[in-house]
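Topology and contacts: notes
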Amino acid sequence: MKAAVLVFPGINRERDMARTLRLISGHEPTMVWHTDTDLPSGTDLVVIPGGFSYGDYLRCGAIAARSPVMDAVRGYAAKGGLVLAVCNGFQIACEAGLLPGVLMRNERLKFICRDIFLRVERSDTAFTRGYNAGQVIRVPTAHGEGNYIADADTIARLEGEGRVIFRYVAPDGARDPAFNVNGSTNAIAGIINDRGNVLGMMPHPENHVEAAIGPTDGRGLFAGLVEALDRAA
Amino acid sequence: MKARVTVTLKSGILDPQGKAIEGALRSLGLAGVSSVRQGKVFDIEIEGGDRAQAEALLKQAADKILANTVIENYRVDVLG
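Residues numbered from 1 in each chain as written. Chains lettered and ligands numbered in written order. Predicted model: local features only at pLDDT ≥ 70, side-chain atom pairs only at ≥ 80, totals over all residues.

**Considerations on helix α1 (residues 14-25) of chain A**
Each α-helix winds once per 3.6 residues, and so residues spaced three or four apart point in a common direction. Residue and element names in this part refer to chain A. In a regular helix each residue adds 1.5 Å, so twelve residues correspond to 16 Å; α1 covers 16 Å between its end C-alpha atoms and thus fits that length. If you check which residues of α1 are buried, you get E14, M17, A18, T20, L21 and I24. Seen end-on, α1 carries its buried residues on one side only, within an arc spanning 165°. In this structure, the buried residues of α1 make contact with β1 (3-7), β2 (30-33), β3 (45-48) and α5 (219-232). (Helix = DSSP H or I, 4+ residues; strand = E, 2+ residues; numbered from the N terminus. Expected span 1.5 Å × (residues − 1). Buried ≥ 20, exposed ≤ 12 C-beta atoms within 10 Å, placed from the backbone. Arc of directions from axis to C-beta. Contact = placed C-beta atoms within 7 Å.)

**Notes on the sheet that holds strand β7 (residues 136-143) of chain A**
All names here are of chain A. Spatially, the nine strands line up as an open sheet ordered β2-β1-β3-β4-β11-β10-β9-β6-β7, and their pairing is mixed. Every interior strand has two partners, whereas the edge strands, β2 and β7, have only one. Along the sheet, successive strands turn relative to each other by an average axial angle of 25°, direction set aside. As defined by bridge partners, strand β4 (residues 82-86) adjoins strand β11 (residues 198-201) across four bridges and the pair is classed as parallel. Bridging from a neighbouring strand, V83 pairs with V198 of β11. (Pairing = 2+ DSSP bridges. Axes fitted to C-alpha atoms, helices over the stretch in contact; angles between N-to-C directions.)

**Quick look at unusual backbone geometry**
Glycine aside, residues mostly have negative phi, and peptide bonds are mostly found in the trans state. Residue and element names in this part refer to chain A. With phi around 70°, L58 is a residue other than glycine that occupies positive phi space. Along the chain, L58 falls in the loop between β3 and α2 (68-78). The phi angle at A187 is positive, at roughly 55°, despite the residue not being glycine. Secondary-structure assignment places A187 in the loop between β9 (164-168) and β10 (188-192).

**What to know about the nonpolar core**
Counting 76 residues, the largest nonpolar core has L6, V83, A85 and A93 of chain A as the members making the most contacts within it. For A85 of chain A, the residues in contact, after removing those within four places along its chain, are I48, F90, I92, A93, V198, L199 and G200 of chain A. (Core = buried A, V, L, I, M, F, W, Y, C linked by C-beta atoms within 7 Å.)

**With respect to the pairing of β3 of chain A**
All names here are of chain A. Along β3, one buried face is formed by L45 and V47 and the opposite face, lined by V46 and I48, is buried too. Pairing geometry for β3 and β4, over four bridges, is parallel. Bridging from a neighbouring strand, V47 pairs with L84 of β4.

Don't take any of this as a statement about function, it's just geometry.
Encoded structure:
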């Protein structure tokens, strides 16, 4: 795996992400500064990590989405390259037009920093092949603006095309408004683009990968990606 | 030249911050407010004196970054 982790001013989860990529793939990812106009040659995974790019000024992810490196990412994604966008990365991907919709202020206005439960809706994507469809995973979340919304047509299309990949659910996997922590439409926590090569999600799978720290439910995503890339190679 | 870009949420888009402000007004005893929607105002100084050019420039700015047109509307006013 030749992963590139984007770094913007104000991002703070890039090291967690790099550590996880190194741990699970065995390869050192390249950190790519936001003013770079090219991705390293041979990059087979771009990760847009979490944090608070540009202090969340204007709108979360808005300024980072317009930085030079994002032009390169758009070109890379248009050619089918894999992009994983987590938390602020998801906000950046939406603002950059890589994914539809917007992450709005959490319905109950509070910043949420705790473990939540996700149902993996599909296992036949490059990002989720390490899980079973319907599996419930426990991962941390940390955001104030994770309330996913889009117009009714877009939501209908996402649902109809099976592009909702993760949903906030109760520990037993049931839909329950009490567990839809940020009030997202249809409890959407993660979606893919129409080609299936860009995943955006609010929770942080990269923080649950080591038994010494806690649950390891996040491993499946990265292990699955490594497998998907090995198969493609 | 002075100009103002006003960005507001499209109708139908949930506005948790507006709702909280609405609640705060009520708890302050300010009766008669039926709803609040929060938006943004950008006061911008433009070089030169061409109004049409300024308007075109600000529309571009609003489309490119000041507003997210998925959820927001904007209005450009060149104040002169």
